[in-house]
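Residue-level listing of the chains:
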Amino acid sequence: GAASLPAGSTVSVLVLMGLYETKIVLPDPFDNVNVSDPYRRLIQINDMSGAGWVEINGDSFAIDPPVMFWPWAVDFDNSGKIYVANNMSSTDSDVILRFNNIHDASPVSIGSGLGSGIISVAIDRPRNIVYYATQNYLRQCDLNGIIDITLTSPSNLDSISALAVGADGTLYIGGSNTLGQGTVWRYNLLSPLSSDYYSGTYTPSDIEVKGSNIYVTYDGSGSTDKIVLLSDDLAFLDGYGMWVGPNPSLNENPGMFYNPRRFVAIRNDALIIIDDANTGFDFDKLVSIRNISGADWTTYGTEGKETGQFQFFYGC
């Protein structure tokens, strides 16, 4: 029969917390004129219907020393705190901002871009490590920014555009190599200079890891495979999506991208992607697909500065 415990006995159970899914939290940073423009926004919605729209800007919070707000990328720790890469090179603004939630009026500043704007952030949730990057520096700190160091980059890395961390703690880096090729590296913490890599034609805009699948969005004018699926050892598996073209019009048809930029939100059932034209024509939307086949294609939003509208990274 089943063994029983003596009366009054207690059992200690180790529970490993993990982040199952988040709301959609996305940077909407475009403004090439006024760095204090309130439309440099961080936006949160519940789902692809746009329900629960909340937005904050640099006037929504106070921090000492003050920070010029230019949100560029977002990730989350296991408790759901929001980490925002701030793409400002000014002193005290080249930081990661950690918000307890979208309503947090007193975020914490961690990290340093060493005088350059931070363009990507990725949290190793099992180990409570923050990886972040400027175009030229790969850095690591803890969740409070107390231990903060520059890491050695792969030997053939020229510039960085994206970071992601797998559930096993593997760091993936997107960028350009010394030959000018778009490249994804699987970073080797023990031997960084010899990290494995996959090179394609265009520069990765972002990376998302789901299990053993590595999804990569590609910027550039290539007509096909705007999103690529790689295995965890960086072998090409599949691609999806078509480029709308250099003179786009409003296009929400399945598979048609202006240019996919950032993955946003942690969802087990979907890939949610910022789609943003950068050809002098300002078109913007969110796209949700279930997998690399483009199943359950759903879009939300248009160009603009109001609720339900975005400017994202490029505009007229």
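Scroll up for the structure.
Definitions and cut-offs
- Residues numbered from 1 in each chain as written.
- Predicted model: local features only at pLDDT ≥ 70, side-chain atom pairs only at ≥ 80, totals over all residues.
- Heavy atoms only, no water.
- Helix = DSSP H or I, 4+ residues; strand = E, 2+ residues; numbered from the N terminus.
- Buried < 20%, exposed > 50% of the residue type's maximum accessible area, 1.4 Å probe, protein only.
- Contact = heavy atoms within 4.5 Å.
- Areas by Shrake-Rupley, 256 points an atom, 1.4 Å probe, with all protein chains shown as cover.
- Salt bridge = Lys/Arg side-chain N within 4 Å of Asp/Glu carboxyl O.
- Patch = residues over 30% accessible without salt bridge, like charges linked within 9 Å, V, L, I, M, F, W, Y side chains within 5 Å.

**Here's the deal with the overall build of the protein**
And then number 1: Of regular secondary structure, the protein possesses 0 helices and 26 strands.
And then number 2: For the protein, buried positions account for 53% of its 316 residues.
And then number 3: Long-range contacts, defined as pairs at least 24 residues apart, comprise 45% of the intrachain contacts of the protein with a sequence gap of at least 6.
And then number 4: Carbon and sulfur atoms provide 49% of the accessible area of the protein, an area that totals close to 13800 Å².

**Focus on the side chain of Gln44**
And then number 1: Checked against the element boundaries, Gln44 lands in strand S2 (residues 41–45).
And then number 2: Dropping the residues within four chain positions of it, Gln44 is found in contact with Lys23, Ile24, Val25, Gly52, Trp53, Val54 and Ile102.

**Considering the pattern of salt bridges**
And then number 1: Throughout the structure, instances matching the rule amount to 10 salt bridges.
And then number 2: Asp206 serves as the salt-bridge partner of Arg262, at 3.5 Å between the closest nitrogen and oxygen. Residue Arg262 is located in strand S21 (residues 260–263), and its partner Asp206 is located in strand S16 (residues 204–210); the two are separated by 56 residues in the primary sequence. Each member of the pair Arg262 and Asp206 is classed as buried.
And then number 3: Where salt bridges share partners, they join Asp28, Arg41 and Glu55 into one cluster.

**Regarding a nonpolar patch on the surface**
And then number 1: The grouping of Ile146, Ile147 and Ile149 at the surface amounts to a nonpolar patch, some 330 Å² of accessible area in total.
And then number 2: Here Ile149 is to be found in strand S11 (residues 148–151).
And then number 3: Overall, Ile149 belongs to the partly exposed group, its relative accessible area being 39%.

Bear in mind that shape data such as this cannot, by itself, settle questions of function.
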